[in-house]
Amino acid sequence: MAPAAHDKTEQASKKSAVEPTSDVDEDDEDEDDPKVSKTKKTCSSIYRGVRQRPWGSWAAEIRDPNRGARLWLGTFDTAEEAARAYDAAARHIRGPNARTNFQLAPGEVPPPFVLPD
């Protein structure tokens, strides 16, 4: 019986040598992807200040530090339209060095920002 028990422990040691011993999931390949959010919640948009409503439309809002509250920018058909609305508001509130979703081309004038009603 001793040889059979020895064979089982030898097989177990071979099996554990082949399997990865790391506790890191193999699905964590998104760490280098800048579009993937590092927050606990998964967001449905890659754009700053934009989220998708459950029924499919896209909503944009920005936090106004002067008012101390969020400023509702509206709902849009596409995420890009909502992101452009966020960018216009960010440039209006925070100036030309605001963090935006899209960069302006050299010499391009930002679109005018109109406060929503």
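Residues numbered from 1 in each chain as written. Predicted model: local features only at pLDDT ≥ 70, side-chain atom pairs only at ≥ 80, totals over all residues. Heavy atoms only, no water.

A. How the structure looks around the nonpolar core. In terms of nonpolar packing, the biggest core is built from 19 residues, with Ile62, Leu71, Leu73, Ala82 and Phe113 touching the most fellow members. Those elements that provide at least two residues to this core are strand 2 (58–64), strand 3 (69–76) and helix 2 (79–94). Broken down by element, this core gets its largest block of residues, nine residues, from helix 2. Setting aside anything within four residues of it in sequence, one finds Ala82 in contact with Val50, Trp58, Ala59, Ala60 and Phe76. (Core = buried A, V, L, I, M, F, W, Y, C linked by side-chain atoms within 4.5 Å. Buried < 20%, exposed > 50% of the residue type's maximum accessible area, 1.4 Å probe, protein only. Helix = DSSP H or I, 4+ residues; strand = E, 2+ residues; numbered from the N terminus. Contact = heavy atoms within 4.5 Å.)

B. Just the confidence of the model for the protein, in detail. Of the residues in the protein, 61% have a pLDDT of 70 or more, and the chain-wide mean is 74. The secondary structure element of the protein with the lowest average pLDDT is helix 1 (residues 2–18), at 52, and the one with the highest is strand 1 (residues 50–52), at 94. Contacts from residues 15–31, a stretch scored under 50 in pLDDT, to residues over four places away or in other chains number five contacts. (pLDDT = per-residue confidence, 0-100.)

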